[in-house]
Amino acid sequence: MSVEDGGVPGLGRPRQARWILMLLLSTAMYGAHAPLLALCHVDGRVPFRPSSAVLLTELTKLLLCAFSLLVGRQAWPRGAPPWRQAAPFALPALLYGANNNLVIYLQRYMDPSTYQVLSNLKIGSTALFYCLCLRRRLSARQGLALLLLMAAGACYAAGGLQDPGSTLSGSPPAAKAGPMPLHITPLGLLLLILYCLISGLSSVYTELLMKRQRLPLALQNLFLYTFGVLLNLGLHAGGGPGPGLLEGFSGWAALVVLSQALNGLLMSAVMKHGSSITRLFVVSCSLVVNAVLSAALLRLQLPAAFFLATLLIGLAVHLYYGSR
């Protein structure tokens, strides 16, 4: 199994164990993101500005990267800093900035588990950009595995779109008493399609940059998140009147910011040493974490289609990473 396929060839057991632990941690944080956002709701709404959460997340990632370089966890290259190599990171920063804001806005138009499963539509767009931009070919077995991931998302999405709770009154689900129903609006579906296209392009382009440049990962992240902070600072400042930067933040909101920052750093390591496809499987497998947390914290009622979707995801993982 190659690095691009998600494996870590030539590594000893300790480093292989760290790689697996990193993937498991990222899976857990991906799955916890939407339920944590739902726990931030006050009277059915997110009490802080979405741009504030995204800006603070980018700033946290930037500070963590700078700290890593300062304490020598990753060596600074000799000679003058290669700032000319920083310019290409402006595009993924722009794309990530758009998607990070979309993730929060999407919570207004669907429940957390529906978002988590439908976001698997990014599998198709990422695979397409992966083949076109990186000029890689997927085997028939790998292609079938990715199709199974998409089928899992479609299976559960059908249950969510037809859920009787979606026909209830238009008040936010978090404001209702009783279990949170599965729901999605037409506008939410359109925004999610845009999210998936942007996600696929940004993921593959970032992988291409990180693997072509012979620079420490922390320095590459420093470039990326510097652009991210500047971009999101402009978006926040130009967003018009509204709550202040930290207004409406709670302990749950702080946990959202910290978990997203740490997950962003973990994903950059996956992009550098793994692949965009590995990232897809991490996101897809986080469905299990998302479902458990949604059921426990939000009392979300899971349909039978969810269990079929989970089975399909497990089969996809086996096909892609199992012995060939």
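Being a predicted model, the structure only gives us computed values, none of them experimental.

Rules behind the numbers
- Residues numbered from 1 in each chain as written.
- Predicted model: local features only at pLDDT ≥ 70, side-chain atom pairs only at ≥ 80, totals over all residues.
- Heavy atoms only, no water.
- Helix = DSSP H or I, 4+ residues; strand = E, 2+ residues; numbered from the N terminus.
- Expected span 1.5 Å × (residues − 1).
- Bend = angle between axes of the 7 residues up to and from the residue.
- Axes fitted to C-alpha atoms, helices over the stretch in contact; angles between N-to-C directions.
- Parallel < 35°, antiparallel > 145°, perpendicular 65-115°, else oblique.
- Left-handed = near helix turned anticlockwise from the far one by under 90°.
- Contact = heavy atoms within 4.5 Å.
- Nonpolar A, V, L, I, M, F, W, Y, C, P; charged D, E, K, R; others polar.
- Salt bridge = Lys/Arg side-chain N within 4 Å of Asp/Glu carboxyl O.
- Buried < 20%, exposed > 50% of the residue type's maximum accessible area, 1.4 Å probe, protein only.
- Phe/Tyr/Trp six-rings, centres within 6.5 Å; stacked < 30°, edge-to-face > 60°.
- Patch = residues over 30% accessible without salt bridge, like charges linked within 9 Å, V, L, I, M, F, W, Y side chains within 5 Å.
- Areas by Shrake-Rupley, 256 points an atom, 1.4 Å probe, with all protein chains shown as cover.
- Core = buried A, V, L, I, M, F, W, Y, C linked by side-chain atoms within 4.5 Å.
- pLDDT = per-residue confidence, 0-100.
- Polar contact = N/O pair within 3.5 Å; in protein donor to acceptor, adjacent residues only side chain to side chain.

Draft legend 1. Representation of helix H1 (residues 13-39) within the structure. Over its 27 residues, H1 runs 38 Å from end to end, which matches the ideal 39 Å to within 8%, given 1.5 Å per residue. Where H1 bends most, the angle comes to about 35 degrees, and this point is His 33, followed within four residues by the proline Pro 35.

Draft legend 2. Structural detail: the packing of helix H3 (residues 90-106) against helix H8 (residues 217-237). Two elements in contact, H3 and H8, have axes separated by 8 Å at closest approach and are oriented at 50 degrees. Relative to H8, the element H3 lies oblique. Our pair here, H3 against H8, has a crossing hand that is right-handed. Residues Ala 90, Pro 92, Ala 93, Leu 94, Tyr 96, Gly 97 and Asn 101 of H3 form the contact with H8, whose own contacting residues are Leu 224, Phe 227, Gly 228, Leu 231, Asn 232 and Leu 235. A per-class count over the contact of H3 with H8 returns nine nonpolar, four polar and no charged.

Draft legend 3. Fine view of the pattern of salt bridges. In total, this model carries two salt bridges according to the counting rule given. With a closest N to O distance of 2.8 Å, Lys 211 and Glu 207 form a salt bridge. One end of the pair is Lys 211 and the other is Glu 207, both in helix H7 (residues 186-212) and four residues apart, which spans about a single turn. In this structure Lys 211 comes out as partly exposed when scored by relative accessible area, which is 30%.

Draft legend 4. Main features of the packing of helix H2 (residues 50-70) against H3. In the contact formed by H2 and H3, the axes pass within 9 Å of each other and the chain directions differ by 135 degrees. As judged from the angle between their axes, H2 and H3 are oblique. The element H2 and its partner H3 pack so that their crossing is right-handed. Mapping the contact onto sequence places Pro 50, Ser 51, Ala 53, Val 54 and Glu 58 in H2 and Asn 100, Asn 101, Ile 104 and Tyr 105 in H3. When its residues are assigned to classes, the contact of H2 with H3 shows five nonpolar, three polar and one charged.

Draft legend 5. Looking closely at the packing of aromatic side chains. By the definition in use, this model includes five aromatic pairs. Both rings, one in Phe 281 and one in Tyr 320, keep their centres 5.0 Å apart while their planes meet at 50 degrees; by these two values the pair is tilted. Placement of the pair is Phe 281 in helix H10 (residues 276-298) and Tyr 320 in helix H11 (residues 304-321), with a sequence separation of 39 residues. Among the aromatic residues, those joined into a ring-pair cluster are Phe 281, Tyr 320 and Tyr 321.

Draft legend 6. Expanded view of a nonpolar patch on the surface. The grouping of Leu 187, Leu 189, Leu 190, Ile 193 and Leu 197 at the surface amounts to a nonpolar patch, some 440 Å² of accessible area in total. Given the relative accessible area of 32%, Leu 189 is considered partly exposed.

Draft legend 7. The arrangement of the nonpolar core in detail. Among the nonpolar cores identified, the biggest contains 31 residues, and Met 22, Phe 89, Leu 219, Leu 222, Phe 223 and Tyr 225 are the most heavily contacted of them. Those elements that provide at least two residues to this core are H1, H2, H7, H8, helix H9 (251-273) and H10. With eight residues, H8 is the largest single contributor of residues to this core. Apart from residues lying up to four places away in sequence, Phe 89 is in contact with Leu 209, Met 210, Gln 213, Gln 220, Phe 223, Leu 224 and Phe 227. Counting residues in each nonpolar core, the second largest holds 23 residues, with Leu 134, Leu 146, Leu 148 and Ile 277 among its members.

Draft legend 8. Just the confidence of the model for the protein, in detail. Per-chain confidence: the protein averages 79 in pLDDT, with 82% of residues scoring 70 or above. Element-level mean pLDDT values for the protein span from 69 in helix H4 (residues 112-118) up to 91 in H9. Here residues 6-10 is modelled with pLDDT under 50, and outside its nearest four sequence neighbours on either side it reaches eleven contacts, counting other chains as well. For residues 161-178, every residue scores under 50 in pLDDT, and the model assigns this stretch 21 contacts once sequence neighbours within four places are set aside.

Draft legend 9. Summary view of the environment of Leu 23. Secondary-structure assignment places Leu 23 in helix H1. For the pair Leu 23 and Val 283, spaced 260 residues apart in sequence, the C-alpha to C-alpha distance is 9.9 Å. Excluding its chain neighbours within four sequence positions, the residues that come into contact with Leu 23 are Val 270, Thr 278 and Val 282.

Draft legend 10. Representation of the side chain of Ser 259. Along the chain, Ser 259 turns up in helix H9. A relative accessible area of 10% means that Ser 259 is categorised as buried. Of the polar contacts made by the side chain of Ser 259, one reaches the backbone oxygen of Val 256; its length is 3.0 Å. Leaving out residues up to four positions away in the same chain, Ser 259 has contacts with Met 29 and Leu 36.

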